[in-house]
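# Results of the structural survey
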2 protein chains.
Amino acid sequence: MLRNIKITIEYDGTDFSGWQVQPNKRTVQGVLQNALAEFLGKKTKIIGAGRTDTGVHAIAQVANFSMKKNYDEHTIMNALNANLPNDIFVINAKEVDSKFHSRFDATSRVYLYRITKKYSVFERNYAWHCSKFHDIILMKKGIKFLLGKKDLTSFAIAKSKKENMYIDVKRCEWKKKKDELIFQIEADRFLHKSVRTIVGTFVLIGERKLKPQDIGTIIAAKDRKMAGKTAPPYGLYLKEVKY
Amino acid sequence: MLRNIKITIEYDGTDFSGWQVQPNKRTVQGVLQNALAEFLGKKTKIIGAGRTDTGVHAIAQVANFSMKKNYDEHTIMNALNANLPNDIFVINAKEVDSKFHSRFDATSRVYLYRITKKYSVFERNYAWHCSKFHDIILMKKGIKFLLGKKDLTSFAIAKSKKENMYIDVKRCEWKKKKDELIFQIEADRFLHKSVRTIVGTFVLIGERKLKPQDIGTIIAAKDRKMAGKTAPPYGLYLKEVKY
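Residues numbered from 1 in each chain as written. Chains lettered and ligands numbered in written order. Predicted model: local features only at pLDDT ≥ 70, side-chain atom pairs only at ≥ 80, totals over all residues. Heavy atoms only, no water.

In this section: the overall build of chain A. Of the regular secondary structure elements, chain A holds five helices and ten strands. The C-alpha atoms of chain A give 19 Å as radius of gyration, which agrees with the globular expectation for 243 residues (18 Å, within 12%). Across its three principal directions, the C-alpha atoms of chain A cover 60 × 40 × 30 Å. When the 243 residues of chain A are sorted by exposure, 53% land in the buried category. Sequence-distant contacts in chain A: of pairs separated by 6 or more residues, those separated by 24 or more amount to 71%. Of the roughly 11900 Å² that chain A leaves accessible, carbon and sulfur atoms contribute 52%. Looking at chain A, you have 45 positive and 25 negative side-chain charges, and the mean spots of the two groups are 4 Å apart. (Helix = DSSP H or I, 4+ residues; strand = E, 2+ residues; numbered from the N terminus. Rg over C-alpha atoms; globule rule 2.2 N^0.38 Å. Buried < 20%, exposed > 50% of the residue type's maximum accessible area, 1.4 Å probe, protein only. Contact = heavy atoms within 4.5 Å. Areas by Shrake-Rupley, 256 points an atom, 1.4 Å probe, with all protein chains shown as cover. Lys, Arg positive; Asp, Glu negative; His and termini not counted. Charge placed at Lys NZ, Arg CZ, Asp CG, Glu CD.)

Okay, the environment of Lys45 of chain B next. All names here are of chain B. Counting through the fold element by element, Lys45 comes out in the loop between α1 (28-40) and β2 (47-48). Owing to a relative accessible area of 60%, Lys45 belongs among the exposed residues under this scheme. As for Lys45 and Leu181, which are separated by 136 residues in sequence, their C-alpha atoms are 38 Å apart. Apart from the residues lying within four places of it in its own chain, the contact partners of Lys45 are Gln29, Gln33, Asn64 and Phe65.

Tallying the contact residues gives 18 residues for chain B and 18 residues for chain A. Roughly 1500 Å² is buried in total at the junction of chain B and chain A, and carbon and sulfur atoms are behind 59% of that figure. Of all residues in chain B, the largest losses of buried area upon contact with chain A belong to Val121, Phe122 and Arg124 of chain B, amounting jointly to 41% of the total for that side. Summed over the shared surface of chain B and chain A, the result is two salt bridges. A salt bridge links Arg124 of chain B to Asp12 of chain A, with the nearest nitrogen and oxygen atoms 2.8 Å apart. Counting across the interface, chain B meets chain A through ten residue pairs in polar contact (both at pLDDT 80 or more). Those elements that place two or more of their residues in the side of chain B that touches chain A are β1 (3-11), β3 (57-67) and β4 (88-96) of chain B. (Buried area = accessible area lost by both parts, 1.4 Å probe. Salt bridge = Lys/Arg side-chain N within 4 Å of Asp/Glu carboxyl O. Polar contact = N/O pair within 3.5 Å; in protein donor to acceptor, adjacent residues only side chain to side chain.)

Further remarks concern the relation of the copies chain B and chain A. Turning chain B through 180 degrees and shifting it by 0.0 Å along the axis lays it on chain A, with an RMSD of 0.0 Å. These values place the two chain copies in the arrangement generated by a two-fold rotation axis. Considering only C-alpha atoms, the part of chain B nearest the rotation axis is Phe122 of chain B, at 5.2 Å. Most of the interface of chain B is mirrored in chain A, where 100% of its interface residues again form contacts. (Least-squares fit on C-alpha atoms with pLDDT ≥ 70 in both.)

What follows covers the packing of aromatic side chains. A ring pair, where both rings are aromatic, is described by two values, the distance of the centres and the angle of the planes. A complete count under the given rule lists 24 aromatic pairs over all chains for this structure. Among the aromatic residues, those joined into a cluster by ring pairs are Tyr11, Phe16 and Trp19 of chain A. (Phe/Tyr/Trp six-rings, centres within 6.5 Å; stacked < 30°, edge-to-face > 60°.)

Another point: the packing of α1 of chain B against helix α2 (residues 73-83) of chain B. Residue and element names in this part refer to chain B. Contact geometry of α1 with α2 gives a least axis separation of 8 Å together with a crossing angle of 120 degrees. In terms of orientation, α1 lies oblique with respect to α2. Along this stretch, α1 crosses α2, giving a crossing that reads as right-handed. When α1 is examined against α2, the residues Ala35, Leu36, Glu38 and Phe39 are found in contact with a partner set consisting of Ile76, Ala79, Leu80 and Asn83. Across the contact of α1 with α2, the residue classes tally to six nonpolar, one polar and one charged. (Axes fitted to C-alpha atoms, helices over the stretch in contact; angles between N-to-C directions. Parallel < 35°, antiparallel > 145°, perpendicular 65-115°, else oblique. Left-handed = near helix turned anticlockwise from the far one by under 90°. Nonpolar A, V, L, I, M, F, W, Y, C, P; charged D, E, K, R; others polar.)

By themselves, these figures tell us nothing about what the structure is for.
Structural data, given as structure tokens:
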């Protein structure tokens, strides 16, 4: 009988060409599958809850895979970590129902984005450095125009004309913490680069180049050219996947 | 007339073979001197307040150099930063008295060391991961045996038999902050690897393998073999140089 193992993974996206396996590229899925093959002695596919882009980090990505061997959860976690480089870390391994699918069963994903006002060499790969003044009160006022189930064509790169562009934004916040602006967003799903484009657009509100209500206008236009620039990948973190 | 410029520098030591110029190695001094040569159009020596080892970081290293050109301080800082890679950053540039020498005039140096209890990929190059339990109350009790002017042969690697091994430890503290232990030490000078060996020894007190008063016994022995292991470089930061 095949066992279904759910793992929770932290990774620093700096030196990865994103999640998905690609020939001749160092990817998170590829490195994880290699570590798993070392452990199990056979090639095994790992299914991830979401694909993160090059440079994007994960505080708690979720994935699952099948295995036969009878190791306990703690041993599985330790064996994977022993075979992984130090920029990926398995936080947890748990045997789950055979029907569990890390991508299809996720009910929502939470992303976090960090903007720093002060340049620091230690944050160069972990936050977007924006020294401009941002009016966070205006940025907070833009949130209500984003909440709920909406076609977010304006904030995404469509993979095809038939793609479903609806996202149900359940929660969204901007917080100030010392020299940082921290954005958090929870939705049932995300589209390609959508979080980073939402961040890039809110930053324009903070700079008073857009008004809070322009978020509504931009969404209604269903036109990517109406939104702001896509914020850089290194400020973005997949924070949580909910089931 | 030559102007004397004092600069304050932040750097991430991860990808540097320490401060001092070495042939065919990427060093902080070397990269800074290259940026300065780009700016001034001629090779110019930069004097640093202290030599940091491979992997050791700086929050505020101090250095100085001479130049003729009449640029203002802000322009000097920006020109250097424009020619520097993103893991070194000049925080400040200031014209100082022609007699100022960043190394000889420093009255004390402050170092900081970070130990994390919880492994995180984001901290792998910035803190020492030690999951063991540490009794910080015992560690704090060891401090008084280190304070004052003492021959710290036991905590250092001597460069020569004639080297002056006296250090005047002015301030020293252990603090707990969430999952971290933070060590800070201020002294007139330091010896090679002395901060890291002091940290490695205090950690043994925290693990109850040594007693707080053993710090006194170790110092009195003037024998490196009596002290603990040298803690890894990536947890160490040159925090401040005082004049």
